Structure formats: C-alpha cells, structure tokens
Amino acid sequence: MATVLALGVGLTGWAKFGPLDERTAILLRQSHGSIEQGGKLGVHIGDTWSEADRALRQQANVGKPYHKAGWSNEPNSSVQYLDYPVLVGEAQAVYRDTSWQNGVVALRLRDGIVVGIQWNYVGPFFIDT
C-alpha cells in the first residue's frame, strides 16, 4: 500500500512539475487557440482582471502585460482601485511567457471581467527578434 501511495504522489508531482505541466500540455496538444468558457493557465472566464493578472503572473517567467489595447486615459474609461484599474468597456491585456515553452497569452476583457483567453505557444526553437 505504501508503495502504491508513494508511486501516486510521485506521478502527481511529475505531472504537475514535469513535462506534463499545463504550459507543456498546451504546447504539445493545442499550441494556439482561444476559449470563451472555462479556464486556462489559472485564469477563468468571469474572473476580474486583477484576479486573472495575479494568476498569470504567478506562473514562472510571465511578467506584467507588455501590451494593452482599448485602455484609455479618458474620463470614466477606468477607475483606479488599489494597484488595478477597474475597466469600463472592451480591453485586452497581452502577456509574454518567456519560459522554455515560449508563448503569448491575451486576456479579452469587458468592464474589467475576463470574457476570453487566447494563447499561442511556439516552443523552444523559436528565436525572438
């Protein structure tokens, strides 16, 4: 019984941190795509932007969004709440994943809520210019 338990714990750890972690699975099974239901990379449709931003940036090698579309300094387009804006209308935040899986993740937002997740992972053989 102890051997089976140890094997189960070992396989669980391997699947989470080994070659079958979520980003590797995405790279191997569906390197690009988008969803409007469910979740991907710790982000779920319906999350606030601050929750989604925090979840993505907890992944190793993912930093602050490098591109924001639809964000504006116009009055009433966003309201600052602590360190995160609460957005009004349509917006997008794009994140670069510089892990060996090498990808880009985009969050589509409506009124500060995640309504879509897009990704494109190209793997370790792509050379950034």
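Further up the page is the structure itself.
Just so we're clear, the structure is a prediction, and the values are computed from it rather than from any experiment.

(A) Geometry of unusual backbone geometry. The backbone of Asn61 sits at a positive phi, close to 70°, despite the residue not being glycine. On the secondary structure map, Asn61 appears in the loop between helix H3 (49–57) and strand E4 (67–69). With relative accessibility at 46%, the residue Asn61 sits in the partly exposed group. Here the phi dihedral of Asp111 falls at roughly 50°; this positive angle occurs in a residue that is not glycine. Checked against the element boundaries, Asp111 lands in the loop between strand E8 (103–110) and strand E9 (113–121). With a relative accessible area of 45%, Asp111 lands in the partly exposed category.

(B) Expanded view of the environment of Asp111. Measuring from C-alpha to C-alpha, the distance between Asp111 and Trp49 comes to 9.2 Å, with 62 residues separating the pair along the chain. At a separation of 2.6 Å, a polar atom in the side chain of Asp111 contacts the main-chain amide nitrogen of Gly89.

(C) How the structure looks around the packing of aromatic side chains. Inspection of the entire model under this criterion finds zero aromatic pairs. For Lys40, the ring lying beneath its charged end belongs to Trp119, and the centroid distance is 4.7 Å.

(D) Seen up close, the nonpolar core. Grouped together as the largest cluster of nonpolar side chains are 20 residues, with contacts concentrated most on Val43, Leu56, Leu107 and Ile117. Contributions of two or more residues to this core are made by helix H2 (22–29), H3, strand E7 (90–97), E8 and E9. The contact partners of Ile117, leaving out residues within four places of it in the chain, are Gly33, Ser34, Ile35, Lys40, Val43, Ile45, Val105, Ala106 and Leu107.

How each quantity is defined
Residues numbered from 1 in each chain as written. Predicted model: local features only at pLDDT ≥ 70, side-chain atom pairs only at ≥ 80, totals over all residues. Heavy atoms only, no water. Helix = DSSP H or I, 4+ residues; strand = E, 2+ residues; numbered from the N terminus. Buried < 20%, exposed > 50% of the residue type's maximum accessible area, 1.4 Å probe, protein only. Polar contact = N/O pair within 3.5 Å; in protein donor to acceptor, adjacent residues only side chain to side chain. Phe/Tyr/Trp six-rings, centres within 6.5 Å; stacked < 30°, edge-to-face > 60°. Lys NZ or Arg CZ within 6 Å of the ring centre and 35° of its normal. Core = buried A, V, L, I, M, F, W, Y, C linked by side-chain atoms within 4.5 Å. Contact = heavy atoms within 4.5 Å.

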